[in-house]
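# Structural overview for review
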Amino acid sequence: MRIGELAELAGTTTRALRYYEAQGLLSARRGANGHREYDLSDLRLVTEIRSLTGIGFALEETRPFLDCLRTGHPTGDSCPASVAVYRRKLAELDELIGRMNSVRDHLRDQLALAELPFSTPVCATSAGSDLEDGDNAGGTDG
């Protein structure tokens, strides 16, 4: 199949396919006319790339999954290198979730303090609005 057909079947663009090729993730064969030619195994590779990048994997992180498919495995995640990427990605997510939980807890504490009645000084914007109610806010007599 030609590049446009592959792009349509995979739900992507020809530009993306050329980029994958430039990154060494996809290999096109050239027909006698010089056009790129692909087969169903290439569709499987592109589908794997799009699936993994769709859930947040960097393009380079897809490489072990593609290599696994190329060696004849039925899925891209059935090789040790792919499993290692999953483990690394999960560790990264666990760390991010921990940091986000800490930020949420801090914000929750700050909000609780801010909502205590009369426990904080009046905000400058509130004080400034009192002056505008006729108390010579401009500093000149009118």
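Look above for the structure.
The numbers attached to residues start from 1 for each chain and follow its sequence in the written order. Only residues with pLDDT of 70 or above have their local features reported here, since the model is predicted, and side-chain atom pairs are shown and tallied only from 80 upward, although totals for entire chains, interfaces and linings are computed over all residues. Remark: hydrogens and water are excluded; side-chain values derive from all non-hydrogen atoms of the structure.

### Some thoughts on the state of the cysteines
The disulfide definition used here is simple: a pair of cysteine sulfur atoms within 2.5 Å. Evaluation of the coordinates by the stated rule reveals one disulfide. Note that C68 is cross-linked by a disulfide to C79, the S-S spacing being 2.1 Å. Taking the torsion about the sulfur-sulfur bond, which here is approximately 85°, the covalent link between C68 and C79 counts as right-handed. Of this pair, C68 sits in helix α4 (residues 63–70) while C79 is found in the loop between α4 and α5 (80–114), placing the two residues 11 residues apart along the sequence. For the pair C68 and C79, one class covers both residues: buried. Going along the chain from the N terminus, every DSSP run of H or I of four or more residues is numbered as a helix, and every run of E of two or more is numbered as a strand. Exposure classes here rest on a 1.4 Å probe applied to the protein chains alone. A residue is buried below 20% of its type maximum, exposed above 50%, and partly exposed in between.

### Description of the packing of aromatic side chains
What counts as a ring pair is set by centres within 6.5 Å for rings of Phe, Tyr and Trp (its six-membered ring), and what kind of pair is set by the plane angle: stacked under 30 degrees, edge-to-face over 60, tilted for all other angles. Applying the stated criterion to the full structure yields three aromatic pairs. Note on F57 and F65: the rings are 6.0 Å apart at their centroids and 85° apart in plane angle, and the pair reads as edge-to-face. The same class applies to F57 and to F65, which are both buried. When the centroid spacing of 5.1 Å and the interplanar angle of 65° are considered together, the rings of F65 and Y86 count as edge-to-face. Pair noted here: F65 is in helix α4 and Y86 is in helix α5, with a separation of 21 residues, a long-range link. For F65, a relative accessible area of 0% corresponds to the buried category. Here the aromatic cluster, defined as three or more aromatic residues joined through ring pairs, consists of F57, F65 and Y86. Residue placement shows K89 over the ring face of F57; its charged tip is 5.3 Å from the ring centre. For a ring to carry a charge above it, either NZ of a lysine or CZ of an arginine must fall within 6 Å of the ring centroid while also lying within 35 degrees of the normal to the ring plane.

### Quick notes on the nonpolar core
Nonpolar cores were defined as sets of buried Ala, Val, Leu, Ile, Met, Phe, Trp, Tyr and Cys residues, with membership established by side-chain atoms within 4.5 Å. Counting 17 residues, the largest nonpolar core has L6, L17, Y20, L26, Y38 and V46 as its most contacted members. Residue contacts are counted whenever heavy atoms from the two residues lie within 4.5 Å of one another. When residues no more than four places from it in sequence are discounted, the contact partners of L26 are L6, L17, Y20, E21, Y38, D42, L45, V46 and R70.

### Things to note about the pattern of salt bridges
Counted as salt bridges are all cases of a side-chain nitrogen of Lys or Arg within 4 Å of a carboxyl oxygen of Asp or Glu. Scanning all chains against the criterion turns up 11 salt bridges. Salt-bridge contacts for E48 lead to R44; the nearest nitrogen and oxygen are separated by 3.3 Å. Within this pair, E48 and its partner R44 are both found in helix α3 (residues 40–54), separated by four residues, close to a single helical turn. Residues D105 and R104 are paired through a salt bridge, measuring 3.8 Å at the closest nitrogen-oxygen approach. Beyond isolated ion pairs, a larger network of salt bridges with shared partners links R29, D39 and D42.

### Description of the environment of R29
Considering the arrangement of structural elements, one finds R29 in strand β1 (residues 29–30). Taking the C-alpha atoms as reference points, R29 and R2, 27 residues apart in sequence, are found 9.9 Å from one another. If near-sequence neighbours (up to four positions away) are discounted, R29 is found in contact with H35, R36, E37, Y38, D39 and D42. Within polar-contact distance, the side chain of R29 engages the backbone oxygen of S27 at 3.3 Å. Each polar contact in these results corresponds to two N or O atoms within 3.5 Å; when the atoms are within protein, one needs to be able to donate a hydrogen and the other to accept it, and residues that are neighboring in sequence are counted only if both atoms are side-chain atoms.

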